[in-house]
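Residue-level listing of the chains:
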Amino acid sequence: MISKSAADAALDLLLAPRCAGCGAAGTWLCLACRELCEPIRQRRVTAAGTYGGALREAIHRFKYGGERALAKELGALVAACIARDLATGLALDVVVPAVLHPARARTRGYDQAWLLAAVISEHTALPLRVPLRRIRPAVPQITLDRAARAENLRGAYVADAGALRGARVALVDDVATTGATLAAASGALRAAGARVVRSYVVALDA
């Protein structure tokens, strides 16, 4: 029979963080893999890196592998992008996640955009607000082409009327491909009174 201490040690080994990029023990995304990320900006979207390599694997495990602890590492990467913008004089007032539809969040067990936004808020001291609601479920974007993605998300988001009057918003999501999700969410935020919406994501899949 395995002793309790031996069983606990085995469990600790199984549950210990391992880098999503290279598999090194001790963290969910190691320093070496984080340093491979080169921030990229495309119009009003800023990403911590391109969607590939270690970053792609980390996002995949975060979204589909149940490794919600990766929010801490991935959120910190995005927070660094926002901090750099704030340091150059860019004004932002709030962090807002591009939330999932409630049914999708229940199926997944968490909303990855909300988790990222919470980490970013903690790192940047910008308040976290959640005025957005995803009111219409959509076909997974990964299955659609560029034109179909925009149509798929038309009218998918609403935001509380007047909730962001005059606010300069940092809109947060995990990955931007065509930008359809961010565009739909940004439109709802502007309808709710946001003065400016700038989008920040973990990775840009261009």
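In this text, all values refer to a predicted model and were calculated from it rather than measured experimentally.

Student: A description of the pattern of salt bridges should follow, citing residues and the corresponding values.
Tutor: With the rule as written, the count across this model stands at six salt bridges. Across the salt bridge formed by Asp160 and Arg133, the nearest N and O atoms sit 2.5 Å from each other. Taken as a pair, Asp160 in the loop between strand E5 (157-159) and strand E6 (168-176) and Arg133 in strand E4 (residues 132-134) lie far apart in primary sequence, 27 residues in all.

Student: Let's hear about the state of the cysteines: which residues, and what values?
Tutor: Summed over the entire model, instances satisfying the criterion amount to zero disulfides. As a non-bridged cysteine, Cys19 has Cys33 as the owner of its nearest cysteine sulfur, 3.7 Å distant.

Student: Please give an account of the packing of aromatic side chains that cites residues and values.
Tutor: Tallied over the full model, the rule gives one aromatic pair. Considering the side-chain rings of Phe62 and Tyr110, the 6.1 Å spacing of their centres and the 25° angle between planes classify their relative orientation as stacked. In this pair, Phe62 sits in helix H3 (residues 53-64) while Tyr110 sits in the loop between helix H5 (102-108) and helix H6 (112-124), placing the two residues 48 residues apart along the sequence. When its relative accessible area of 1% is taken as the criterion, Phe62 is described as buried.

Rules and cut-offs
- Each residue is numbered by its place in its chain's sequence as written, counting from 1.
- At least 70 in pLDDT is required for a residue's local features to be given in this predicted model, at least 80 for side-chain atom pairs to be given and counted, and no such filter applies to totals for whole chains, interfaces and linings, which use all residues.
- Side-chain metrics rest on all non-hydrogen atoms present in the structure, leaving aside hydrogens and water.
- Every case where a carboxyl oxygen of Asp or Glu lies within 4 Å of a side-chain nitrogen of Lys or Arg is listed as a salt bridge.
- Only DSSP runs of H or I reaching four residues or more are called helices, and only runs of E reaching two or more are called strands; each is numbered from the N terminus.
- Note on terminology: pairs of cysteine sulfur atoms within 2.5 Å are recorded as disulfides.
- Pairing of aromatic rings covers Phe, Tyr and the six-membered ring of Trp, with a centre-to-centre limit of 6.5 Å; geometry is then stacked below 30 degrees between planes, edge-to-face above 60, and tilted otherwise.
- Only protein chains enter the area calculation, which uses a 1.4 Å probe; residues under 20% of their type maximum are buried, those over 50% are exposed, and those in between are partly exposed.

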